[in-house]
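Observations on chain architecture
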Amino acid sequence: MLQRIQTLLLAVVAIAMLSVTALPIWEKSSATLNEKVTLTSFALEHCKGTTCVSSDSTIFIIMLAIVSAVLAAFSITQYKKRMLQMTLGLVNSIMIATVLGYTFYQVFKVGIPMFEPENQGSYGAGFIAAVLAMLCNMIANRFIRRDEMLVKSADRMR
């Protein structure tokens, strides 16, 4: 049934993961050194003044985010097969956790040591969207499991 709460939550997951691809995930800047590091789903860019010194590709983030959004949208259509829907939710949780883990790796191992290691930087809307997607996916899985248990208990009574 498409009017269930898990459908809304899975739609939020899809929208949030698509927004990860468009919004900045993390950035750090220094006014004294005139340097800036920005992590997006496309690249980790280190700029001094107006010129970019280095740009490391983070295409892995965008690929996983798009696949995760498509998986959440596909999971919405599988409302008659709740076991498959729960499995898709589990796979999606693993993919979102991988996106968050890779983001942490890029931030802590590559981004922060570039300049002024005491300056940690700030997380952007893309990171918050990924965390929101993870929470909504977990809650959606809980509601799907609740529906499955309700159907099983109704079948026992017949």
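To start, this report covers the structure provided alongside it. (Residues numbered from 1 in each chain as written. Predicted model: local features only at pLDDT ≥ 70, side-chain atom pairs only at ≥ 80, totals over all residues. Heavy atoms only, no water.)

What follows concerns the nonpolar core. Nonpolar side chains in soluble globular proteins tend to be buried together. With 36 residues, the main nonpolar core has Val13, Met17, Val20 and Ile96 as its most contacted residues. Listing elements by their share of this core, those giving two or more residues are α1 (5–22), β2 (35–39), α2 (59–77), α3 (82–111) and α4 (125–157). A total of eight residues in this core trace back to one element, the largest contributor, which is α4. Every residue in contact with Val13, bar those within four places of it in the chain, is listed here: Ala72, Asn92, Ile96, Ala133, Cys136 and Asn137. (Core = buried A, V, L, I, M, F, W, Y, C linked by side-chain atoms within 4.5 Å. Buried < 20%, exposed > 50% of the residue type's maximum accessible area, 1.4 Å probe, protein only. Helix = DSSP H or I, 4+ residues; strand = E, 2+ residues; numbered from the N terminus. Contact = heavy atoms within 4.5 Å.)

As a further point, take the pattern of salt bridges. In this structure the tally under the stated criterion is three salt bridges. Two residues, Lys36 and Glu27, come together in a salt bridge whose shortest N-O distance is 3.9 Å. For Lys36, a relative accessible area of 38% translates into the label partly exposed. (Salt bridge = Lys/Arg side-chain N within 4 Å of Asp/Glu carboxyl O.)

The general pattern is negative phi for most residues beyond glycine and trans for most peptide bonds. Phi at Asn34 takes a positive value of approximately 55 degrees, unusual for a residue other than glycine. Along the chain, the position of Asn34 falls in the loop between β1 (26–30) and β2.

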